[in-house]
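# Secondary and tertiary structure notes
So you can see what is in the structure, the chains are spelled out below.
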Amino acid sequence: MQAILSWMGRHGTALSAASVFTGLLLPELATQVRPWLGSFVACILTLALLMVEPARLAGTLRRPLPLLVGAVAMSLATPALVLGLEPVIGPALGPGLMLGLYIFAFAPPTLSAPAFAALLGLDAAPALALCLGLTLVAPVLIPLIAGGLGVDFPVDATALAWRLAMIVGPAVVLATAIRTSLGSERILRHRQSLTGLMIFPLAIFAIGSMDGIAARFLAEPFRMGGILALGIGLAVGGILIQTALCRPFGRSTALALGWCGGNRNLGLIVGAISGITPADTWAYFALAQFPIYALPLIAKAVYSRIGTREG
């Protein structure tokens, strides 16, 4: 089993990319998995917490300026940019897609961002610190920024806080219990196997996110293709901009925080929207999983050429 998990860890980017296509090809499986997405997000976060040494995370927190720059870029600058563009692009996109853009703008990093950072050979500690920080303050910060910008953002702060408690709380408790039981040294020795194990919840989340998307692709191929292109463009743009903003803090930190910039936890926000989620909003959420899962396959080759360490 350890050999299989190690193999999966080495080929994690390819396996994660394949999982979104599996969800499209097996729509019934996607429908069955969708109600359990929150549980698998908790599994992903648990494994990400295990893969980052507490001392490494503490060291990252002692250098708060890179995290602050990343946090401001994600939580304030991006919503302000979308607000400024709304009069220009809003009429063409329609209210459902415009809501999807605001969800991207306000959302914290996806809880799988540290996991993918590890798969890419990046330092997962800055990604984990930024991810947890912005996620924990999301129920307060998102309504506050939306109100300050004058954006009518239909998110139920109580529902958002409850979803966070049900995901982050169990993950932190379980990861702490496992680390206490096994010890940090033993976990470090099996890091490659942990990386492989992480593929299972990542893949299941991707499959469940594709619920209903295959049928809509067949019915509206051009519309869905446009939404997919929009999702890829936002993800790549977010990664590049945040990486550039954080470059003064070193290549390793910039690449890790930059990865968070383009990979947002849309599902967390979609689940806390008041009322029924518009069809185009769900389509954007689902298709935004493509860059989250497929870009690592390309990014790994790019990062291996430029190097992921300081320089």
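Here's a quick rundown of the structure. In this text the structure is predicted, and so the values were computed from the model without any measurement. Counting of residues starts from 1 at the beginning of each chain's written sequence and follows it residue by residue. At least 70 in pLDDT is required for a residue's local features to be given in this predicted model, at least 80 for side-chain atom pairs to be given and counted, and no such filter applies to totals for whole chains, interfaces and linings, which use all residues. Side-chain measures here rest on the full set of heavy atoms in the structure, leaving out hydrogens and waters.

## Some thoughts on the packing of aromatic side chains
- Note on ring pairs: Phe, Tyr and Trp rings are taken, using the six-membered ring of Trp, and paired if centres are within 6.5 Å. Classes follow the plane angle, with under 30 degrees stacked, over 60 edge-to-face and the rest tilted. Under the criterion given, the structure shown has six aromatic pairs.
- Centre to centre, the rings of Tyr 102 and Phe 106 are 6.2 Å apart; their planes meet at 20 degrees, and the pair counts as stacked. Taken as a pair, Tyr 102 and Phe 106 lie in helix H7 (residues 95-106) at a separation of four residues, close to a single helical turn. One exposure class covers both Tyr 102 and Phe 106, and it is buried.
- With a centroid separation of 4.7 Å and 35 degrees between ring planes, the pair formed by Phe 106 and Phe 153 is classed as tilted. Taken together, the residues Phe 106 in helix H7 and Phe 153 in the loop between helix H9 (124-149) and helix H10 (157-182) connect sequence positions 47 residues apart. Take Phe 106 and Phe 153: they sit in the same class, and that class is buried.
- Each member of the aromatic cluster is reached from another via a ring pair, and the members are Tyr 102, Phe 106 and Phe 153.
- Distance and angle both matter: a charge sits over a ring if NZ of Lys or CZ of Arg is within 6 Å of the ring centre and within 35 degrees of the ring normal. Stacked on the ring of Trp 282, the Lys or Arg Arg 34 has its end atom at 3.7 Å from the ring centre. Numbered from the N terminus, helices here are DSSP runs of H or I no shorter than four residues, and strands are runs of E no shorter than two. When a residue's accessible area, from a 1.4 Å probe over protein chains only, is under 20% of the maximum for its type it is buried; when over 50% it is exposed; and in between it is partly exposed.

## Description of the packing of H7 against helix H14 (residues 221-246)
- One can describe the packing of H7 onto H14 by two numbers: an axis separation of 12 Å at closest approach and a directional angle of 20 degrees. Judged on the interaxial angle alone, H14 and H7 are roughly parallel. In this structure, H7 crosses over H14, and the sense of that crossing is right-handed. Contacts between H7 and H14 involve Leu 97, Leu 101 and Phe 104 from the former and Arg 223, Ile 227, Leu 230 and Leu 234 from the latter.
- Of the residues that constitute the contact of H7 with H14, the class distribution is six nonpolar, no polar and one charged. Here an axis means a line fitted to C-alpha atoms, over the contact stretch when the element is a helix, while the angle between two N-to-C directions is reported on a 0 to 180 degree scale. Should an angle fall under 35 degrees it is taken as roughly parallel, and over 145 as roughly antiparallel, whereas 65 to 115 is taken as roughly perpendicular and any remaining angle as oblique. For any helix crossing, the convention is left-handed if the near helix is rotated counterclockwise from the far helix by under a right angle, and right-handed if that rotation is clockwise. Residues count as neighbours in contact if any of their non-hydrogen atoms are within 4.5 Å of one another. Classes in brief: Ala, Val, Leu, Ile, Met, Phe, Trp, Tyr, Cys and Pro nonpolar; Asp, Glu, Lys and Arg charged; the others, Gly included, polar.

## Concerning the side chain of Asn 263
- Structurally, Asn 263 can be placed in the loop between helix H15 (251-262) and helix H16 (266-270).
- By relative accessible area, which is 1% here, Asn 263 ends up buried.
- Pairs of N or O atoms are called polar contacts if they sit within 3.5 Å, as long as, within protein, a hydrogen donor faces a hydrogen acceptor (for residues adjacent in sequence, only side-chain-to-side-chain pairs). Here Trp 259 takes part through its backbone oxygen, which lies 2.6 Å from a polar atom of the side chain of Asn 263.
- Those residues within four positions of Asn 263 in sequence are excluded, and the remaining contacts are Pro 108, Pro 109, Thr 110, Ile 239, Pro 291 and Ile 292.

## A word on the pattern of salt bridges
- For this document, the term salt bridge refers to a Lys or Arg side-chain nitrogen within 4 Å of an Asp or Glu carboxyl oxygen. Within the structure shown, the criterion is met by seven salt bridges.
- Residues Arg 179 and Glu 53 are paired through a salt bridge, measuring 3.4 Å at the closest nitrogen-oxygen approach. Of this pair, Arg 179 sits in helix H10 while Glu 53 sits in the loop between helix H4 (37-51) and helix H5 (54-61), and the two are 126 residues apart along the sequence.
- The class of Arg 179 is buried, set by a relative accessible area of 13%.
- Across the salt bridge formed by Arg 56 and Asp 123, the nearest N and O atoms sit 2.1 Å from each other. With a gap of 67 residues between them, Arg 56 in helix H5 and Asp 123 in the loop between helix H8 (113-119) and H9 connect regions that are remote in the sequence.
- On the accessibility criterion, Arg 56 (44% relative accessible area) is partly exposed.
- Through salt bridges with shared partners, a single network forms among Arg 216, Glu 220, Arg 223 and Asp 280.

## Section: the side chain of Thr 110
- On the secondary structure map, Thr 110 appears in the loop between H7 and H8.
- A relative accessible area of 10% places Thr 110 in the buried class.
- Every residue in contact with Thr 110, bar those within four places of it in the chain, is listed here: Cys 131, Asn 263, Arg 264 and Asn 265.

## Brief notes about the nonpolar core
- To define a nonpolar core, start from buried Ala, Val, Leu, Ile, Met, Phe, Trp, Tyr and Cys residues and group those joined through side-chain atoms within 4.5 Å. Ranked by internal contacts, the top residues of the largest apolar core, which has 105 residues, are Phe 153 and Trp 259.
- In terms of residues, this core owes the most to one element, H9, which gives 13 residues.

## Topic: H7
- An expected span of 1.5 Å times one less than the residue number is assigned to each helix. The terminal C-alpha atoms of H7, which comprises twelve residues, lie 16 Å apart, in line with the 16 Å expected from a rise of 1.5 Å per residue.
- Of all the twelve residues making up H7, eleven are buried; the element is thus mostly covered by neighbouring parts of the structure.
- For H7, the set of buried residues is Gly 96, Leu 97, Met 98, Leu 99, Gly 100, Leu 101, Tyr 102, Ile 103, Phe 104, Ala 105 and Phe 106.
- Looking at the buried side of H7, the elements it contacts are helix H6 (64-93), H9, H14, H15, H16 and helix H17 (279-287).

## Quick notes on helix H2 (residues 12-25)
- In a regular helix each residue adds 1.5 Å, so 14 residues correspond to 20 Å; H2 covers 20 Å between its end C-alpha atoms and thus fits that length.
- Three or more residues of H2 are buried, namely Gly 12, Thr 13, Ser 16, Ala 17, Ser 19, Val 20, Gly 23 and Leu 24.
- For H2, the secondary structure elements touched by its buried residues are helix H1 (2-10), helix H3 (27-33), H8, helix H12 (191-209), helix H13 (213-219) and helix H18 (289-306).

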